[in-house]
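Residue-level structure breakdown
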Amino acid sequence: MFQFLLQSAWLIPCYALIGAVLAIPWSPGLIRRTGPRPAGYINEIATAIAFLHGVLALPATWNQPAQQVLIPWLNVAGLDLTIPVELSSLTIGATIVVTGLNLLAQMYAVGYMEMDWGWARFYSLLALFEAGMCGLVLCDSLFFAYFILEILTLGTYLLIGLWFCQPLVVTGARDAFLTKRVGDLLLLMGVLAIYPLAGTWDFSELAAWAKTANVDPTVATLLGLALLAGPMGKCAQFPLHLWLDEAMEGPMPGSILRNTVVVATGAWVLVKLQPVIALSPVAMSAAVIIGGVTAIGASLIAIAQIDIKRTLSYPVSAYMGLVFVAVGTGQTEGALLLVLTNAIAMALLVMAVGALVWMNVTQNVTQLGGLWSRRPITGICFIVGTLGLIAFPPFGGFWALLKIADGLWSTQPCLVGILLLVNALTAFNFTRVFGLIFGGKLQEMSVRSPECFWAITLPMVIELGFVLHLPLILQSCQLLPSWAELNKDVALMLIWSSIFGLSIGAVVYLGNLIPKPVQLPWKPLQDLFAYDFYTPQLYRITIVFLVALVSQMTAWFDRYIIDGVVNLVGVVTVFSGQSLKYNVSGQTQFYALTILLGVALLGLLVSWPLLSRLSLLIG
């Protein structure tokens, strides 16, 4: 039975699509008597079936070579567009993570969006995300992966803009779509350029081709940079990072997926393309630089944010930056492990923050406080999510960061410093947020803030169990190193960086020695972090200004040159017709004379070159 489930694992994305199609009657309100809730329940059942299918198919892949299923689609003019589906422990495990997190997000949405009438649309979009991400991890083709990424970009726009009556929601959805389109356009150039070189789009065949490929260095560099651009936008890397922060204006259940596995789709494609990108040392260095700058910059920005949602979005960009660093140094296994641990821990943090937002009027962390006595379950989930994200043993984040740092220690120890700094800043940031929300005295905005009801608390507690048991799952899958092989020096440095960040955050924000709100001695530096290094302003005075200027020039040219020529022809025609009507006398000899004059003039024009030559001969 397990083998049959494995062979039919390509159906996993289809369950979500079936649920989305079945929810259509409730979307435009064709079925009004029952309300929109059945659409959500149908999608939850479909996701649960997909999750169980993946869990039951996984044992058949363990310690077995990857299997491939070919689905014919189009074969014309020598172009074979067959869909290759890879069935392995990695891909099936990835579908389990996607469907499991989506199932918890849908359970969470039952409580969070209890009074919302957009259930059918919301759950259908979650199903679209699930189908797209499962199809992405199963598909072994760059060509089809690109189209799936485009579908996910559209889904991001629609899901963020669910509450389209709010201006900030519309702006966030628009900016997310346009920002991703910048990277997608460059990625499309890379997708089209790689086929004449390699003769294939299959990831496995591209990896084999890259081992023996002899490509011009300039071509390899341009190709590698183009392939990097797409994941940059998906993973919210500098300078294409602003969309993830603005996307937090959408529903929090959607953020559970977006901040965990949706941003990881770019990392997945990046890992798959690593052998091709490795053909260019410049592209590999670019990946490290982009990831390092994003990791440090986003971590510094996060510690200055007071909106509770913004404190979550920037650490996601920072950890995806560490994934770029890992891929740029050839550590694909460490990159995938970090993606997994970040997704599990960040999902718990988003759920905890969503529970706080749902029961409080404000999202300003400086206006909250003293919630530990009233929200103990949420507080415990926030603590465990933080420990699961940073390098704090024995949680999953420690093993992922240790694997990357161990690989860098002997070759590029300076990059280990980036990991230590980002880990310490992340620990400090979440301790700061915890102290502002759960520590101190009750404030006006947090006096009436009881624990959420079971529909929100239950999936949060289930995710808490996953974070706690993730190290055991990794150990049972033999993905953790033994104590004998452990690099003790690197492990101790990571642990001490976590302790340092947690301790400084606790002293500052859980103690009474330093008055709140905390102000840096130099105000311009604090403003630099708080306003995202003034990146939005830089966009406005550069890219937005140039686009607006070009648009105005184009509009002027179209109005006064293109339309002016057309209007001039029309005016000349009208006046010519008006003047010619007075020459209509009704006399036959007048018409004949006009025709003769026209024929004579035409003959003179046609014979003019011959007449000029005759004049020369006579002369």
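Residues numbered from 1 in each chain as written. Predicted model: local features only at pLDDT ≥ 70, side-chain atom pairs only at ≥ 80, totals over all residues. Heavy atoms only, no water.

The protein is annotated in an unreviewed UniProt entry as NdhF3 family NAD(P)H dehydrogenase from Microseira wollei NIES-4236.

**Considering the side chain of Lys272**
Stated precisely, the cut-off is as follows: Numbered from the N terminus, helices here are DSSP runs of H or I no shorter than four residues, and strands are runs of E no shorter than two. Exposed residues in this analysis have more than 50% of their type's maximum accessible area, buried residues have under 20%, and partly exposed residues fall in between, with area computed by a 1.4 Å probe over protein chains only. Residue contacts are defined here by distance: any two heavy atoms, one from each residue, within 4.5 Å place the two residues in contact.
Tracing the backbone shows Lys272 in helix α12 (residues 264-272). Given a relative accessible area of 18%, Lys272 falls into the buried group. Sequence-distant contacts of Lys272, that is, excluding residues within four places in its chain, are made with Glu86, Asp140 and Phe203.

**Section: the UniProt feature "domain: NADH:quinone oxidoreductase/Mrp antiporter transmembrane" (unreviewed entry) in the protein**
Our working rule: UniProt positions are given in the numbering used here, feature names are shortened, and annotations may be inferred rather than shown by experiment.
In the numbering used here, UniProt assigns the feature "domain: NADH:quinone oxidoreductase/Mrp antiporter transmembrane" (unreviewed entry) to residues 140-419. Summarising residues 140-419: 76% helix, 0% strand, and an end-to-end C-alpha distance of 31 Å.

**Examining the packing of aromatic side chains**
The line we're drawing: Between the rings of Phe, Tyr and Trp (Trp by its six-membered ring), a pair exists once the centres lie within 6.5 Å; its type follows the angle of the planes, with under 30 degrees stacked, over 60 edge-to-face, and the other angles tilted.
Inspection of every chain in the model, using the stated rule, returns 21 aromatic pairs. Note on Tyr195 and Trp201: the rings are 4.4 Å apart at their centroids and 35° apart in plane angle, and the pair reads as tilted. Trp201 sits in the buried class, given a relative accessible area of 9%. Measuring from centroid to centroid gives 5.0 Å for Phe398 and Trp399, while their planes differ by 75°, and the two rings are edge-to-face. This pair shows no difference in class: Phe398 is buried, exactly as Trp399 is. What links up through ring pairs into an aromatic cluster is the set Phe143, Phe144, Tyr146, Phe147, Tyr195 and Trp201.

**Observations concerning the packing of helix α18 (residues 396-409) against helix α21 (residues 488-509)**
Put simply, the rule reads: Only C-alpha atoms enter the line fits that serve as axes; for helices the fit covers just the stretch in contact. Angles between N-to-C directions range over 0 to 180 degrees. For this classification, under 35 degrees means roughly parallel, over 145 means roughly antiparallel, 65 to 115 means roughly perpendicular, and everything else is oblique. By definition, turning the near helix anticlockwise from the far helix through less than a right angle yields a left-handed crossing, and turning it clockwise yields a right-handed one.
The interhelical angle for the contact between α18 and α21, taken along N-to-C directions, is 130°, at an axis separation of 9 Å. With respect to α21, the axis of α18 lies oblique. At the point where α18 passes α21, the crossing takes the right-handed sense. Contacts from Phe398, Leu401, Leu402, Ala405, Asp406 and Trp409 in α18 reach Val490, Ala491, Met493, Leu494 and Ile495 in α21.

**Describing the nonpolar core**
So the rule is basically this: Side-chain atoms within 4.5 Å link the members of a nonpolar core, which is a set of buried Ala, Val, Leu, Ile, Met, Phe, Trp, Tyr and Cys residues.
Judged by nonpolar contacts, the single largest core of 176 residues is most densely connected at Phe382 and Ile437. Per element, the largest residue contribution to this core is 18 residues, and it comes from helix α16 (residues 332-359). In contact with Phe382, other than residues within four places in its own chain, are Leu349, Ala352, Val353, Phe430, Val433, Phe434 and Phe438.

**Concerning the pattern of salt bridges**
Our working definition: One side-chain nitrogen of Lys or Arg within 4 Å of one carboxyl oxygen of Asp or Glu is enough to make a salt bridge.
On inspection of all chains with the given rule, the structure shows 8 salt bridges. With its nearest N and O atoms 3.3 Å apart, the salt bridge here joins Asp184 to Lys234. In this pair, Asp184 sits in helix α7 (residues 167-198) while Lys234 sits in helix α9 (residues 217-234), placing the two residues 50 residues apart along the sequence. Take Asp184: its relative accessible area is 0%, and that puts it in the buried class. One salt bridge connects Arg375 with Glu451, and the closest N-O pair in it is separated by 3.3 Å. Taken as a pair, Arg375 in the loop between α16 and α17 (376-389) and Glu451 in the loop between α19 (413-438) and α20 (454-476) lie far apart in primary sequence, 76 residues in all. Here the residues in one salt-bridge network are Glu150, Arg181, Asp184 and Lys234, joined through shared partners.

**Points about the packing of helix α15 (residues 310-328) against α19**
The interhelical angle for the contact between α15 and α19, taken along N-to-C directions, is 165°, at an axis separation of 11 Å. Viewed along their axes, α15 and α19 adopt a mutual orientation that is roughly antiparallel. Between α15 and α19 lies a crossing whose hand is left-handed. Facing Thr311, Leu312, Pro315, Ala318, Tyr319, Leu322 and Val325 of α15, the residues of α19 in contact are Leu415, Ile418, Leu419, Val422, Asn423, Thr426, Asn429, Phe430, Arg432 and Val433.

**Examining helix α6 (residues 142-160)**
Where we set the bar: Expected span of a helix: the number of residues minus one, times 1.5 Å. Under the rule applied, a polar contact is a pair of N or O atoms within 3.5 Å (in protein, one hydrogen donor and one hydrogen acceptor; residues adjacent in sequence only if both atoms are side-chain atoms).
Compared with an ideal rise of 1.5 Å per residue, which puts 19 residues at 27 Å, α6 spans 26 Å between its outermost C-alpha atoms and is within 8% of the ideal. Backbone nitrogen of Phe143 and a side-chain oxygen of the N-cap are separated by 3.3 Å at the start of α6; the cap is Ser141.

**What to know about empty space enclosed by the protein**
Here is the rule we go by: Cavity: a set of points on a 1 Å grid over the protein atoms alone where a 1.4 Å probe fits but cannot get out. Pocket: an open set with protein on both sides within 12 Å along at least five of seven lines, its lining residues, like those of a cavity, having an atom within 4 Å of a point. Grid points are joined across faces, edges and corners, and a volume is the space filled by probe spheres set on the points. Each residue gets one of three labels, nonpolar for Ala, Val, Leu, Ile, Met, Phe, Trp, Tyr, Cys and Pro, charged for Asp, Glu, Lys and Arg, and polar for the others, Gly among them.
Tallied over the entire structure, the rule returns 1 cavity of 30 Å³ or more. For the largest cavity, the full set of lining residues is Thr341, Ile344, Ala345, Gly388, Gly396, Gly397, Val467 and Leu470. Of all the secondary structure elements, the ones that give two or more residues to the lining of the largest cavity are α16, α18 and α20. Of the residues that constitute the lining of the largest cavity, the class distribution is 4 nonpolar, 4 polar and no charged.

**Section: the environment of Ile383**
Its place among the elements puts Ile383 in helix α17. On a C-alpha basis, the gap between Ile383 and Ser373 in space is 15 Å, while along the polypeptide they are 10 residues apart. Filtering out sequence-adjacent residues up to four positions away, Ile383 remains in contact with Trp372 and Phe434.

**Comments concerning unusual backbone geometry**
Cis geometry marks the peptide bond from Phe238 to Pro239, where omega comes out at 0°. Turning to its location among the elements, Pro239 is positioned in the loop between α9 and α10 (242-246). Cis geometry is found at the peptide bond from Pro393 to Pro394, where omega equals 5°. Tracing the backbone through its elements, the reader meets Pro394 in the loop between α17 and α18. Its identity as a non-glycine residue notwithstanding, Ala236 has a phi of 55°, on the positive side. Its place among the elements puts Ala236 in the loop between α9 and α10. Judged by its relative accessible area of 0%, Ala236 is buried. With a phi close to 60°, Gln478 is a non-glycine residue in the positive phi region. One can find Gln478 in the loop between α20 and α21.

**Concerning α20**
Defined as follows: To get the bend at any residue, fit one axis to the seven residues that end at it and another to the seven that begin at it, then take the angle between the two axes.
Between the first and last C-alpha of α20 there are 31 Å, a value that for 23 residues agrees with the 33 Å anticipated at 1.5 Å per step. His469 marks where α20 bends most, by close to 50°; the proline Pro471 follows one to four residues later. Turning to α20, its buried residues number three or more, namely Ala455, Ile456, Thr457, Pro459, Met460, Glu463, Leu464, Val467, Leu470, Pro471 and Leu474. Tucked inside the fold, the buried residues of α20 contact α4 (89-112), α16, α17 and α18. Immediately beyond the C-terminal end of α20, within one or two residues, lies Gln478, with a positive phi of roughly 60°.

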